[in-house]
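Analysis of the macromolecular model
Each chain, letter by letter, is given below.
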Amino acid sequence: MEILNKNMWDIAIYLIFFAIVALFIWRKPDYKENMLYILNNLKTVYINFLHWNISKIIIRIYSILAWLIISSPFLALSVYLIFKLSKVFNTQSLSLFINSWDIDANLLTAFISNIWSVLFLILILVLVFGFFVFTFMYWDFLIQNIYKWYIEKTKIPYSKNLYFSWTHIYKFLWVLTRKSLYLLIPVLILLWGILVLAILYSTWKITNDPTNPNMLLWAVSLLYFIWTSIFLAYLFIRLSFSYISFIYTDRISLPAKHYVEKSFELTKWNIFKILFLLVPFLALYSFITLILDILNLSNFLYFILTFLTMSSILYVVIISIYNILNKKKKVLQKQYSVL
């Protein structure tokens with residue numbers, strides 16, 4: 001009861017927000033039609049609850065095994081290098097560095113003497129992490145493919161997903177690379193800004209002292225960070241349908257840039273429409289998470305419950321929005337009957 005009382009204001013804010021959304025649904029026929037279309041697609045997923053969760057488990061196991069198989073030579077090599085370097089680096093010096101980031105003479109000497117081995121180890125670990133990111137992002141892609149079939153009122157057989165479609169895997173890698181390069185633009189801008197600010201702070205050009213006229217520069221730097229964050233979010237939305245356009249393609253031979261350009265095309269002048277359709281479901285997801293927190297479930301039960309009922313469910317909303325923007329909604333509604 002005490003936990004519930006602490007969260008009453010949060011619950012009240014959510015309920016007010018949902019009331020505003022309900023008002024929009026009531027007053028805006030087109031918005032109502034789109035929201036009902038998304039809700040119907042969500043209902044279809046839950047109708048296929050057993051198939052959905054078995055598919056998620058299979059895809060999760062596939063991703064873990066794929067990562068381990070691809071990474072195993074590099075993991076073995078990294079373990080060997082760590083074992084080899086552990087004999088060179090002094091344990092006390094490493095503990096000092098880990099706890100306080102202080103580098104003593106012994107650690108510095110060992111690092112310089114084995115710099116190429118250390119750099120090679122870092123490269124291997126970066127590769128292993130990269131393989132991890134790729135396999136688990138492909139997991140998202142496979143889940144979205146499952147949802148595509150649900151929305152079309154068809155269940156894809158467990159063994160018929162794109163696990164070993166090397167053409168799709170190869171093309172997905174290039175779509176991921178092209179999308180990442182776009183998202184890298186605001187990140188590089190942000191890093192450049194951090195470098196400039198670090199120089200200005202080190203030369204006392206910027207200060208947090210409100211009595212100092214250079215406080216203006218501090219305010220400008222804050223606005224800069226806000227702008228880069230908004231730019232990153234903007235690009236993320238503009239690129240959010242790249243994988244989905246790839247899933248829906250009938251011509252796998254098209255270059256990776258086609259799917260990225262398709263996402264840019266669909267999202268042009270539609271940012272606010274996308275947000276108006278997406279945000280209510282983000283809020284609903286957050287509200288359900290809040291209720292589960294209030295129930296104070298054990299970590300294991302919380303994980304099982306969220307995995308079975310909420311894991312990756314927001315992709316259904318995103319794919320539905322893709323169909324709305326791509327004018328496929330009515331075609332799909334007429335062409336297929338509910339399972």
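For the structure itself, look to the data block above.
A short tour of the structure in this document, coming up. Everything quoted here is computed from the prediction, not taken from an experiment. Position labels on residues start from 1 in each chain and follow its written sequence. Owing to the predicted nature of the model, reporting of local features is limited to residues with pLDDT of at least 70; listing and counting of side-chain atom pairs is limited to 80 or more, with chain, interface and lining totals taken over all residues. Computation of side-chain values covers all heavy atoms of the structure but excludes hydrogens and water.

Let's talk about the overall build of the protein chain
When its secondary structure is counted, the protein chain shows 15 helices and zero strands. The classification of residues rests on relative accessible area computed with a 1.4 Å probe and restricted to protein chains. Under 20% of the type maximum is buried, over 50% is exposed, and intermediate values are partly exposed. When each of the 339 residues of the protein chain is scored for burial, the buried share is 37%. Where accessible areas are quoted, they stem from the Shrake-Rupley method and a 1.4 Å probe; at the residue level, only the protein chains shown are allowed to cover. Accessible surface for the protein chain amounts to roughly 20,900 Å². Of this, 73% is attributable to carbon and sulfur atoms. Here a helix means four or more residues in a row that DSSP labels H or I, a strand means two or more in a row labelled E, and each is numbered from the N terminus.

Some words on the side chain of Ser-55
Within the element layout of this structure, Ser-55 appears in helix H4 (residues 49-86). Judged by relative accessible area, Ser-55 falls into the buried class, the value being 2%. Ignoring sequence-local partners within four residues, the contact set of Ser-55 consists of Ile-146 and Tyr-158. We call two residues contacting when some pair of their heavy atoms lies within 4.5 Å.

Considerations on a nonpolar patch on the surface
Only residues whose relative accessible area exceeds 30% and that form no salt bridge are eligible for patches; like-charged ones are grouped when within 9 Å, while nonpolar side chains (Val, Leu, Ile, Met, Phe, Trp, Tyr) are grouped when within 5 Å. Salt bridges are identified by distance alone: a Lys or Arg side-chain nitrogen within 4 Å of an Asp or Glu carboxyl oxygen. Nonpolar side chains collect at one region of the surface, where Phe-111, Ile-112, Ile-115, Trp-116, Leu-119, Ile-122 and Val-126 lie side by side and expose about 710 Å² of accessible area between them. Contributions of two or more residues to the nonpolar patch are made by helix H6 (105-113) and helix H7 (115-151). In terms of residue count, H7 provides more of the nonpolar patch than any other element does, five residues in total. Counting through the fold element by element, Val-126 comes out in helix H7.

Here's the deal with the packing of helix H12 (residues 271-295) against helix H13 (residues 299-309)
One way to put it is that H12 packs onto H13 with a least axis distance of 11 Å and a crossing angle of 155 degrees. With respect to each other, H12 and H13 are oriented roughly antiparallel. Once H12 is placed against H13, the crossing between them reads as right-handed. Seen from H12, the contacting residues are Thr-289, Leu-292 and Asp-293; seen from H13, they are Tyr-302, Leu-305 and Thr-306. Here the residues of the contact of H12 with H13 are counted per class, giving three nonpolar, two polar and one charged. To get an axis, a line is fitted to the C-alpha atoms, and for a helix only the part in contact is used. The angle between two axes follows their N-to-C directions and goes from 0 to 180 degrees. The scheme is simple: roughly parallel for angles under 35 degrees, roughly antiparallel for over 145, roughly perpendicular for 65 to 115, oblique for anything else. Take the far helix as the reference: if the near one is turned anticlockwise from it by less than a right angle, the crossing is left-handed, and if turned clockwise, right-handed. For this classification, the nonpolar set comprises Ala, Val, Leu, Ile, Met, Phe, Trp, Tyr, Cys and Pro, the charged set comprises Asp, Glu, Lys and Arg, and every other residue, Gly included, is treated as polar.

As for the packing of aromatic side chains
Ring geometry is summarised as follows: Phe, Tyr and Trp rings, the Trp one being its six-membered ring, pair when their centres sit within 6.5 Å, and such pairs are stacked at plane angles under 30 degrees, edge-to-face over 60 and tilted between the two. Inspection of the entire model under this criterion finds 31 aromatic pairs. Residues Tyr-62 and Phe-164 carry aromatic rings whose centres are separated by 5.9 Å and whose planes lie at 85 degrees to one another, so their mutual orientation is edge-to-face. Placement of the pair is Tyr-62 in helix H4 and Phe-164 in the loop between H7 and helix H8 (166-202), with a sequence separation of 102 residues. Residue class for Phe-164 comes out exposed when judged on its relative accessible area of 59%.

Digging into the nonpolar core
We define the nonpolar core as a collection of buried residues of types Ala, Val, Leu, Ile, Met, Phe, Trp, Tyr and Cys that are connected through side-chain atoms lying within 4.5 Å of one another. Among the nonpolar cores identified, the biggest contains 51 residues, and Ile-38, Tyr-138, Phe-141, Leu-142, Tyr-147, Phe-172 and Ile-321 are the most heavily contacted of them. Breaking this core down by element, the ones donating at least two residues are helix H3 (29-47), H4, H7, H8, helix H10 (242-247), helix H11 (256-267), H12 and helix H14 (314-325). Here this core takes ten residues from H7, the largest share from any one element. Among residues more than four places away in sequence, those in contact with Tyr-138 are Tyr-62, Leu-162, Ser-165, His-168, Ile-169 and Phe-172.

What to know about the environment of Leu-65
Tracing the sequence through the fold places Leu-65 in helix H4. For Leu-65, a relative accessible area of 46% corresponds to the partly exposed category.

Considerations on the environment of Ser-311
Along the chain, Ser-311 falls in the loop between H13 and H14. Relative accessible area serves as the criterion here: at 15%, Ser-311 is assigned to the buried category. Placed 258 residues apart in sequence, Ser-311 and Asn-53 show a C-alpha to C-alpha distance of 9.2 Å.

Here we look at helix H2 (residues 8-27)
Expected span, for any helix, means 1.5 Å times one less than how many residues it has. The end-to-end C-alpha distance of H2 is 29 Å, a good match for the 28 Å that 20 residues give at a rise of 1.5 Å each. Those residues of H2 that fall on the buried side of the exposure criterion are Ile-11, Tyr-14 and Val-21. End-on, the buried residues of H2 take up no more than an arc of 85 degrees, which puts them together on one face. Those residues of H2 that are exposed and aimed more than 90 degrees away from the buried face are Trp-9, Ile-13, Ile-16, Trp-26 and Arg-27. To obtain the arc, one takes the directions from the helix axis to the C-beta atoms.

By themselves, these figures tell us nothing about what the structure is for.
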